[in-house]
Number of protein chains: 2
Amino acid sequence: MDTCSLEGAISGLIESYSEFNSQSVDELEEEPSPLEFMRYVALNRPFVVRGGCSHWLATKRWSAGYLEDRMSSARINVAITPHGNADAIVTGSSGIEYFVKPLEVQEPFSTFLKDIRQQENTCGDSGLVKYAQTRESQQCKENDNLRGEYFLLSGDVERDIAWARIALEKEPDAVNLWIGNSKSVTALHKDNYENIYCQIIGSKYFTLLSPLEVACVGERNFRSATYVKDKGGKGLRIEEDEGGQEIPFPTWDPDRPEIRPTKFSPLGKPLRVKLNAGDMLYLPALWWELYWMNPRG
Amino acid sequence: MDTCSLEGAISGLIESYSEFNSQSVDELEEEPSPLEFMRYVALNRPFVVRGGCSHWLATKRWSAGYLEDRMSSARINVAITPHGNADAIVTGSSGIEYFVKPLEVQEPFSTFLKDIRQQENTCGDSGLVKYAQTRESQQCKENDNLRGEYFLLSGDVERDIAWARIALEKEPDAVNLWIGNSKSVTALHKDNYENIYCQIIGSKYFTLLSPLEVACVGERNFRSATYVKDKGGKGLRIEEDEGGQEIPFPTWDPDRPEIRPTKFSPLGKPLRVKLNAGDMLYLPALWWELYWMNPRG
């Protein structure tokens, strides 16, 4: 197949996919049955359940005060970046573009919570951005922080999501809690897992692309690097990882489509959906996603 | 992407698919629930239900005598070919390869049945091969012959297959009966429909390739033609269809892999399965299939 007909075939595939599929994320008003869920798995399509986790204790109880109270004695893992751009492509001082991971520190939950609340209330550039997450590590593929460092909160969250457990015949591989403010943005990326996002406090804005739109995202290999503390200063600098293998990562951002488009990017039809507190989003494995959040809802 | 890396990517895709999937068709000992069925739909994988239609009246009652009795007065549509190769690529006298459709005639069911039984009992080349089917036509996309010309037999067959109807939220688009002898072979082809084959009498041998192995089958466009009666003689000749559009069709046969292979054909891993009387096969839409039958089981 020559280059021209290959390009035509890829364009045709992306265009047919948009044509045959909805341009919005399906919205359910109640939790699906395992069979209804499995129909979405078969179609490889996301959906939202409005109010799907509104009955959880977490959704009813959690507030900054409650979390601080429960977690007061705990130390947690915190990711720190200069601009809220964890796990993203950043140009280093050498001019080389790297896939850059955040600086990770352990700190008291109360310190973290104070900092992200204070920053949320500050206008303009307010210094380093913190985000609570637990990265996948070599030791522990399935990060699973809710049953780990947030164990003290795990009683407020359902043990699993019955319709997904029954349909997939599997307990959750991991249950993760993320806490951040509106300064954190997650770059376009994909996961190998079937994901169900449950919004507990505030809201989250998702932009999604199907795996079939891979030619739109311009994946390239990047050397990996990590933010480290700048000697003497209070800032961070990028340090290339030693013996690091290259990481494939998208170069196109569907929310800033004019930057680094591939010739197929204009054909991409991103789906956008907002999760409010109490909503759930099923995102099939290997879909592309980016999101940012508004902690105030 | 240059040609070399494209070929590498396609080879890698086919090899990974074989590596991650079973090299045989799953066998169930009882009918699946709608949810169990939907898991196979989600995986896009075929399965067999051993004895899945063994309780049908058709499986219990049908024999040559019973069919003749019920259908005695009926005329049916019969496909006739020189070598049992309906809807296959055949080289015409001009040296051009065509996608050739069978000669279609209407005849009494009893004549058809006598002929295919007689031929089954004849050794060697025994003349033209008959096969009862109803081709998809412009007028009627969903051929659906059991509820049409075989209406007199339709009471012996379940109205639908509950687990598929419930899972897919759809009545069957079409219910088709095929009757033939061991001289008929169906060339590798694909359908746009989710298919459930129910073996009523005899056995059928399937060879299957997943849609992902498309690069193995060497699809090409062929002019379409039809077998017509040779003037004067008793034989058939190929006549190109007028104003016929070109038909895309595979050129590789996984059961005769040395003929017309593509460079990817050696990577194809055909699945093979035999259906006995009373067995069902779920074949997902767009899988490649070929089959031949043994009316004696």
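Conventions and cut-offs
- Residues numbered from 1 in each chain as written.
- Chains lettered and ligands numbered in written order.
- Predicted model: local features only at pLDDT ≥ 70, side-chain atom pairs only at ≥ 80, totals over all residues.
- Heavy atoms only, no water.
- Helix = DSSP H or I, 4+ residues; strand = E, 2+ residues; numbered from the N terminus.
- Buried < 20%, exposed > 50% of the residue type's maximum accessible area, 1.4 Å probe, protein only.
- Contact = heavy atoms within 4.5 Å.
- Areas by Shrake-Rupley, 256 points an atom, 1.4 Å probe, with all protein chains shown as cover.
- Lys, Arg positive; Asp, Glu negative; His and termini not counted.
- Charge placed at Lys NZ, Arg CZ, Asp CG, Glu CD.
- Pairing = 2+ DSSP bridges.
- Axes fitted to C-alpha atoms, helices over the stretch in contact; angles between N-to-C directions.
- pLDDT = per-residue confidence, 0-100.
- Least-squares fit on C-alpha atoms with pLDDT ≥ 70 in both.
- Core = buried A, V, L, I, M, F, W, Y, C linked by side-chain atoms within 4.5 Å.
- Parallel < 35°, antiparallel > 145°, perpendicular 65-115°, else oblique.
- Nonpolar A, V, L, I, M, F, W, Y, C, P; charged D, E, K, R; others polar.
- Buried area = accessible area lost by both parts, 1.4 Å probe.
- Salt bridge = Lys/Arg side-chain N within 4 Å of Asp/Glu carboxyl O.
- Polar contact = N/O pair within 3.5 Å; in protein donor to acceptor, adjacent residues only side chain to side chain.

The name given to chain A in an unreviewed UniProt entry is JmjC domain-containing protein, with Glutinoglossum americanum as the source organism.

## Things to note about the overall build of chain A
Across its full length, chain A carries 7 helices and 16 strands. Principal axes of the C-alpha set define a box for chain A whose edges measure 60 × 55 × 40 Å. Burial analysis of chain A (297 residues in total) assigns 46% to the buried set. Excluding contacts between residues fewer than 6 apart, the proportion of contacts in chain A whose partners are at least 24 apart in sequence is 79%. Carbon and sulfur atoms provide 50% of the accessible area of chain A, an area that totals close to 15,000 Å². Measuring between centres, the 33 positive side-chain charges of chain A sit 5 Å from its 44 negative side-chain charges.

## Examining the sheet that holds strand β7 (residues 129-132) of chain A
All names here are of chain A. Pairing in this open sheet of 3 strands is antiparallel, and the strands run β6-β3-β7 from one edge to the other. The open sheet is flanked by β6 (103-108) and β7, the only strands paired with a single partner. Pairs of neighbouring strands in the sheet enclose a mean axial angle of 40°, with direction left out of account. Sheet topology note: the strand β3 (residues 75-81)/β7 ladder contains 4 bridges and is antiparallel. Looking across to β7, one finds that I80 is bridged to K130. Docked against the sheet, helix α5 (residues 109-120) engages β3, β6 and β7, running at close to 130° with respect to β7.

## Looking at unusual backbone geometry
In this model, L286(A) sits at a positive phi of 75°, which is unusual for a non-glycine residue. Its location among the elements puts L286(A) in the loop between β15 (280-283) and β16 (288-294). Residue L286(A) is classed as partly exposed on the basis of its relative accessible area of 38%. If you check the backbone angles, N44(B) has positive phi at about 55° while not being a glycine. On the basis of relative accessible area, N44(B) is assigned to the partly exposed category, the value being 30%.

## Examining the confidence of the model for chain A
Note that predicted coordinates carrying low pLDDT should not be read in detail. Per-residue confidence for chain A gives a mean pLDDT of 91, with 95% of residues at or over 70. Here the prediction assigns the complex a pTM of 0.88, and the interface score ipTM is 0.84.

## Focus: the relation of the copies chain A and chain B
Rotating chain A by 180° and moving it 0.0 Å along the rotation axis overlays it on chain B with an RMSD of 0.0 Å. Interpreted geometrically, this transformation is the action of a two-fold axis. Across chain A, the smallest distance between a C-alpha and the rotation axis is recorded for A42(A), namely 1.8 Å. Both copies present the same face, since 100% of the interface residues in chain A are matched by interface residues at the equivalent positions in chain B.

## What about the nonpolar core?
W62(A), F109(A), Y150(A), W62(B), F109(B) and Y150(B) are the most contacted members of the largest nonpolar core, which totals 93 residues. Setting aside anything within four residues of it in sequence, one finds W62(A) in contact with L57(A), L67(A), L153(A), D156(A), V157(A), L177(A), I200(A) and I201(A).

## Considering the packing of helix α2 (residues 34-43) of chain A against helix α2 (residues 34-43) of chain B
Where α2(A) meets α2(B), the axes come as close as 8 Å, and the angle between the chain directions of the two elements is 10°. Considered as vectors, α2(A) and α2(B) are oriented roughly parallel to each other. Contacts from P34(A), L35(A), M38(A), R39(A), V41(A) and A42(A) in α2(A) reach P34(B), L35(B), M38(B), R39(B), V41(B) and A42(B) in α2(B). Residues that form the contact of α2(A) with α2(B) fall into these classes: 10 nonpolar, no polar and 2 charged.

## Some points on the interface of chain A and chain B
How big an interface is tends to be stated in terms of the accessible area lost upon association of its parts. Between chain A and chain B, the contact holds 12 residues from the first and 12 residues from the second. Between chain A and chain B, the buried area comes to about 1,000 Å², and carbon and sulfur atoms account for 67% of it. When the buried area of chain A at its contact with chain B is split by residue, L35(A), M38(A) and R39(A) rank highest and sum to 47% of it. Our count for the chain A to chain B interface comes out at 2 salt bridges. Inspection of the region where chain A meets chain B yields 6 residue pairs in polar contact (both at pLDDT 80 or more). Elements represented by at least two residues in the side of chain A that touches chain B include exactly α1 (3-20), α2 and α6 (162-168) of chain A. Looking at the side of chain A that touches chain B element by element, the count peaks at 6 residues for α2(A). Here the side of chain A that touches chain B is built from residues that sort into 9 nonpolar, 1 polar and 2 charged.

## Quick word on the pattern of salt bridges
Counted according to the given criterion, the structure contains 44 salt bridges over all chains. We note a salt bridge from D279(A) to R50(A), for which the minimum N-O separation is 2.6 Å. Pair noted here: D279(A) is in the loop between β14 (271-275) and β15 and R50(A) is in the loop between β2 (47-49) and α3 (57-61), with a separation of 229 residues, a long-range link. A salt bridge links K170(B) to D173(B); the shortest N-O distance between them is 2.9 Å. By relative accessible area, K170(B) is classed as partly exposed at 47%. Salt bridges sharing common partners tie together E107(A), K114(A), D115(A) and K130(A).

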